[in-house]
Amino acid sequence: RVDAVQRSFLETHVAKPMNEMWQQLEESAKDQDAAAAKLRGEVEAKLAEIKPVVHEVERLVEDSKDTKAKLASSQATLHSEIDKCHRELEAGRAAAEEDIARRHKELQAELAGVSEQSKALQDRLTGAVNEHREEIGKVQRHLEA
């Protein structure tokens with residue numbers, strides 16, 4: 001009889017509440033599993049939405065790196081071409097200055113020669129004019145006589 005009472009007591013106050021608590025825990029676990037599955041599905045859906053954006057951002061980053069590399073290369077080429085043009089311009093300027101100085105000397109020499117020729121012609125002309133004056137003077141004296 002004591003065993004039956006103890007069994008009844010244990011069944012009523014221990015086993016039954018433990019079974020009810022166990023069922024509640026199992027239901028709670030099922031609810032949590034369902035909530036976790038729902039949340040997992042939402043996260044996977046968001047990841048599916050975000051994945052193309054991430055790929056596009058990664059592509060844009062790579063494009064940006066390529067563009068930066070091309071820009072750096074273009075800038076280096078441009079600076080090289082500018083330096084080359086400056087050197088060519090400086091060489092051309094120096095050559096032009098040399099040509100100008102040489103031509104200036106040549107023209108000064110020509111001018112000196114022309115001046116000498118001009119002076120010689122002027123001296124001849126003056127001599128010829130003086131001779132003609134003398135001739136005219138002789139003719140006038142001869143006519144007066």
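For the structure itself, look to the data block above.
The rules behind the values
- Each residue is numbered by its place in its chain's sequence as written, counting from 1.
- Local features in a predicted model are, by the rule used here, given only for residues with pLDDT of at least 70; side-chain atom pairs are given and counted only at 80 or more, and totals for whole chains, interfaces and linings are based on all residues.
- To get the side-chain values, take all heavy atoms of the structure and skip hydrogens and water.
- Helix numbering and strand numbering both begin at the N terminus, where a helix is a DSSP run of H or I of at least 4 residues and a strand a DSSP run of E of at least 2.
- Our radius of gyration is a C-alpha quantity, and the globule rule it is checked against amounts to 2.2 Å times the number of residues to the power 0.38.
- By the counting scheme adopted, Arg and Lys are positive, Glu and Asp are negative, and His together with the chain ends is not counted.
- Taken as the charge location is NZ of Lys, CZ of Arg, CG of Asp or CD of Glu.
- Burial classes: relative accessible area under 20% of the type maximum marks a residue as buried, over 50% as exposed, and values in between as partly exposed (1.4 Å probe, protein chains only).
- Each patch is built from salt-bridge-free residues with over 30% relative accessible area, joining like charges within 9 Å and nonpolar side chains (Val, Leu, Ile, Met, Phe, Trp, Tyr) within 5 Å.
- Note on areas: Shrake-Rupley, 1.4 Å probe, and residue coverage restricted to the protein chains presented here.
- Think of a salt bridge as a Lys or Arg side-chain nitrogen and an Asp or Glu carboxyl oxygen that are within 4 Å of each other.

Novice: Run through the overall build of the chain, naming residues and quoting values.
Specialist: The secondary structure content of the chain amounts to one helix and zero strands. Computed over the C-alpha atoms, the radius of gyration of the chain is 59 Å, more than 25% above the 15 Å expected from 2.2 N^0.38 for a compact globule of 145 residues. Across its three principal axes, the chain shows a C-alpha extent of roughly 200 × 25 × 20 Å. Averaging the positions of the 23 positive and the 30 negative side-chain charges in the chain gives two centres separated by 1 Å.

Novice: With reference to specific residues and values, describe the environment of Ile82.
Specialist: Here Ile82 is to be found in helix α1 (residues 2-144). By relative accessible area, which is 35% here, Ile82 ends up partly exposed. As a C-alpha pair, Ile82 and Arg133 span 51 residues in sequence and 73 Å in three-dimensional space.

Novice: How would you summarise a nonpolar patch on the surface if you had to cite specific residues and measurements?
Specialist: Among the surface-exposed residues, Phe9, Leu10, Val14, Met18, Met21, Trp22 and Leu25 lie close enough to one another that they form a single nonpolar patch of about 740 Å² accessible area. On the accessibility criterion, Leu10 (47% relative accessible area) is partly exposed.

Novice: Now, about the pattern of salt bridges: what can you tell me, with residues and values included?
Specialist: Following the criterion strictly, the structure yields ten salt bridges and no others. Ionic pairing is found between Asp63 and Arg59, a salt bridge with its closest N-O pair at 2.5 Å. Taken together, the residues Asp63 and Arg59, both in helix α1 and four residues apart, mark about one turn of the helix. Relative accessible area serves as the criterion here: at 32%, Asp63 is assigned to the partly exposed category. The partly exposed category is assigned to Arg59, whose relative accessible area is 40%.

Novice: Residues and numbers for the environment of Val61, please.
Specialist: With respect to the helices and strands, the residue Val61 is situated in helix α1. The sequence separation of Val61 and Ala101 amounts to 40 residues, and the corresponding C-alpha distance is 59 Å.

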